Amino acid sequence: MKMSAAELSQVLKEGELEKRSDNLLQFWKRKTCVLTTDSLNIYADTQKRNRGKELKLQSIKKVDCVERTGKFVYFTIVTTDNKEIDFRCSGEENCWNAVITMALIEYQNRKAIQDFKTRQDNESASPGQQERRMARAP
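Residues numbered from 1 in each chain as written. Predicted model: local features only at pLDDT ≥ 70, side-chain atom pairs only at ≥ 80, totals over all residues. Heavy atoms only, no water.

Draft legend 1. Layout of unusual backbone geometry. For glutamine 26, which is not a glycine, the phi torsion comes out positive at approximately 50°. Relative to the assigned elements, glutamine 26 resides in the loop between strand S1 (11-20) and strand S2 (28-36). Although it is not a glycine, asparagine 82 sits at a positive phi angle of roughly 65°. The residue asparagine 82 is located in the loop between strand S6 (72-79) and strand S7 (84-90) in this model. Taking the relative accessible area as the measure of exposure, asparagine 82 reaches 52% and is therefore exposed. (Helix = DSSP H or I, 4+ residues; strand = E, 2+ residues; numbered from the N terminus. Buried < 20%, exposed > 50% of the residue type's maximum accessible area, 1.4 Å probe, protein only.)

What follows is the structure in structure tokens.
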């Protein structure tokens, strides 16, 4: 799955992560990951030819359980439906957990500002609303 030019311009981090499988044996599988301003895209191959999984930032509740061992940094992404996805990355490189956390915070801030502006626009669009607010003021 090739990414468009617009998606490439929004790439925050690209590289390898290991993801723990959901099956009974829970093997660690190496994945190619691309973090954008809106999602974490997870591919099975380095060329991103196979259709990857897209984990939207709006569906991530938090990055949790960060643990550093000698070789790896382990972390868990908790989704809004309380599903936990375990990852690990090499401890030598700038680890993914911090970059994902910062992207999540920036996304939530953008969304909060957008929601606030929408609420303000809706309030200013209804002229009677301003008069009612003024009537309630002490």
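Moving on from the coordinates now.
Draft legend 2. Representation of the environment of isoleucine 42 within the structure. Turning to its location among the elements, isoleucine 42 is positioned in strand S3 (residues 39-43). For the pair formed by isoleucine 42 and lysine 53, sequence separation is 11 residues and the distance between their alpha carbons is 5.1 Å. When sequence neighbours within four positions are dropped, the list of residues in contact with isoleucine 42 reads Lys31, Thr32, Cys33, Gly52, Lys53 and Phe87. (Contact = heavy atoms within 4.5 Å.)

Draft legend 3. Inspection of the state of the cysteines at higher detail. All told, the structure shown has 1 disulfide when counted by the stated rule. In this model, cysteine 89 is linked to cysteine 95 through a disulfide, with the two sulfur atoms separated by 2.0 Å. Cysteine 33 takes part in no disulfide bond, and the closest cysteine sulfur to it belongs to cysteine 89, at a distance of 10.0 Å. Take cysteine 33: its relative accessible area is 0%, and that puts it in the buried class. (Disulfide = S-S within 2.5 Å.)

Draft legend 4. Highlighting the pattern of salt bridges. If you walk through the whole model with that rule in mind, you get 8 salt bridges. A salt bridge links lysine 56 to glutamate 54; its shortest N-O distance comes to 3.7 Å. Under the relative-accessibility criterion, lysine 56 is labelled partly exposed at 36%. Of the charged contacts, one joins lysine 62 and aspartate 64 as a salt bridge, the two residues approaching to 3.5 Å between their closest N and O atoms. On the basis of relative accessibility, which here comes to 37%, the residue lysine 62 falls in the partly exposed class. Residues participating in the shared-partner salt-bridge network are Glu16, Glu18, Arg30 and Arg88. (Salt bridge = Lys/Arg side-chain N within 4 Å of Asp/Glu carboxyl O.)

Draft legend 5. Geometry of the pairing of S7. Strand direction decides the pairing type here: S1 and S7, joined by 2 bridges, are antiparallel. Residue glutamate 18 lies in a different strand from S7, and its bridge partner there is arginine 88. Bridging between S6 and S7 involves 7 bridges; their strand directions are antiparallel. In the strand pairing of S7, valine 78 is matched with glutamate 84. Between S6 and S7, which follow one another and run antiparallel, lie 4 residues, and asparagine 82 among them has a positive phi close to 65°. (Pairing = 2+ DSSP bridges.)

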